[in-house]
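Each chain is listed here by its residues.
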Amino acid sequence: MASPFLYYVDDRLSLAELTAARLDGHVVELGDAYIPADAVETRALRAGSLAALLGHTLAATHLTAAWVHGALPVPPDRHTVQRAVPKRLSHAPSRRVVYRDLAVDPEDLVLVGGVHVTTRLRTLVDLARVDDDEHARACRLVAADDPDLVSAAIDRLERGALPHKRAAVALLRGIAAAQAAVRTT
């Protein structure tokens, strides 16, 4: 069931009505939806705002999952998604997404706000394996409040054979060292 705090275009209100409500300060944009201006932005609302885009077959991953988990203040320009179902999709997803046609292991998924999202551990592992500044920054933000998560991500990477594993482990070890330095001071 969709949240009563999420307003989608042409669901209960038209784009014109939502735009007017936004201009009047009654609602604010959140992902692909709107929420009341005085509502607390939660993981469930962020995830739920993507329901029309993800449906039941896609899962939010990488930067999109980091945003849903609260590590990033704004959603990415293009959402990163993967299949949440074992069977390949017969239709092409929206142009608004970066789509990876590899099914995410069900153990790596959580249901948040009615949509599939990679777990924080899987999100951290995925972010660490992408070699650019935006993903490295998101990786640090996801790991910021949980040193145990960083250790678990390193263990997971060391157990598997994954592309870009060495660079990911090096990044995560650097994050762990920085966290340890902060705890000892």
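Computed from a predicted model, the values in this text were never measured in an experiment. (Residues numbered from 1 in each chain as written. Predicted model: local features only at pLDDT ≥ 70, side-chain atom pairs only at ≥ 80, totals over all residues. Heavy atoms only, no water.)

Colleague: In this structure, what is going on with the sheet that holds strand β6 (residues 109-112)? I would like to understand it.
Modeller: The strands that make up a sheet pair up through hydrogen bonds in the backbone, lying either parallel or antiparallel. Read across the sheet, five strands follow the order β5-β4-β3-β7-β6 without closing on themselves; strand pairing throughout is mixed. If you trace the sheet from one side to the other, it starts and ends with β5 (97-100) and β6, each paired once. Taking each pair of neighbouring strands and ignoring which way they run, the sheet shows an average axis angle of 40°. Where strand β3 (residues 58-60) and strand β7 (residues 115-118) come together, two bridges link them in parallel fashion. Pairing of A60 across the sheet is with V117, part of β7. (Pairing = 2+ DSSP bridges. Helix = DSSP H or I, 4+ residues; strand = E, 2+ residues; numbered from the N terminus. Axes fitted to C-alpha atoms, helices over the stretch in contact; angles between N-to-C directions.)

Colleague: What exactly am I supposed to notice about helix α6 (residues 133-143) here?
Modeller: Given 3.6 residues per turn, any residue in an α-helix points the same way as the ones three and four places further on. Looking only at α6, the buried set comprises H135, A136, A138, C139, V142 and A143. Projected down its long axis, α6 shows its buried positions confined to an angular sector of 160°, all on one face. Packing partners of the buried residues in α6 comprise α4 (62-68), α5 (120-128), α7 (147-159) and α8 (165-184). Structurally, the start of α6 carries an N-cap: the backbone nitrogen of E134 is 3.2 Å from a side-chain oxygen of D132. (Buried < 20%, exposed > 50% of the residue type's maximum accessible area, 1.4 Å probe, protein only. Arc of directions from axis to C-beta. Contact = heavy atoms within 4.5 Å. Polar contact = N/O pair within 3.5 Å; in protein donor to acceptor, adjacent residues only side chain to side chain.)

Colleague: How should I be thinking about the nonpolar core in this particular structure?
Modeller: Counting 43 residues, the largest nonpolar core has V117, L124, C139 and L172 as its most contacted members. Look past the residues within four positions of L124 in its chain and what remains in contact with it is C139, V142, A143, L149, V150, A153 and L172. (Core = buried A, V, L, I, M, F, W, Y, C linked by side-chain atoms within 4.5 Å.)

Colleague: What am I meant to see in the pairing of β6 here?
Modeller: Looking along a regular strand, one sees the side chains alternate between the two faces of the sheet. Relative to β7, β6 runs antiparallel, the two being bridged by four bridges. Pairing of V110 across the sheet is with V117, part of β7. Joining the antiparallel neighbours β6 and β7 is a turn of two residues, in which G113 adopts a positive phi near 60°.

Colleague: What is the right way to read the confidence of the model for the protein from this model?
Modeller: Atomic detail in the predicted coordinates should be set aside for any region of low pLDDT. Across the protein, the average pLDDT comes to 92, with 98% of residues at 70 or higher. Predicted confidence in the protein is weakest over β5, with a mean pLDDT of 90, and strongest over β7, with 98. (pLDDT = per-residue confidence, 0-100.)

Colleague: Sorry, what's going on with the pattern of salt bridges here?
Modeller: Oppositely charged side chains are able to pair whenever their charged atoms sit close together. Taken as a whole and assessed by the stated rule, the structure comprises 10 salt bridges. R173 serves as the salt-bridge partner of E158, at 2.2 Å between the closest nitrogen and oxygen. Taken together, the positions of E158 in helix α7 and R173 in helix α8 put the pair 15 residues apart, joining distant regions of the chain. Relative accessible area serves as the criterion here: at 37%, E158 is assigned to the partly exposed category. Given a relative accessible area of 46%, R173 falls into the partly exposed group. Several salt bridges converge on common partners, so that one network encompasses D108, R122, D126, R129 and R156. (Salt bridge = Lys/Arg side-chain N within 4 Å of Asp/Glu carboxyl O.)

Colleague: Got a minute to help me understand a negative patch on the surface in this structure?
Modeller: Together, D77, D131, D132, D133 and E134 make up a region of like negative charge exposed at the surface. Within the fold, D132 resides in the loop between α5 and α6. (Patch = residues over 30% accessible without salt bridge, like charges linked within 9 Å, V, L, I, M, F, W, Y side chains within 5 Å. Areas by Shrake-Rupley, 256 points an atom, 1.4 Å probe, with all protein chains shown as cover. Lys, Arg positive; Asp, Glu negative; His and termini not counted. Charge placed at Lys NZ, Arg CZ, Asp CG, Glu CD.)

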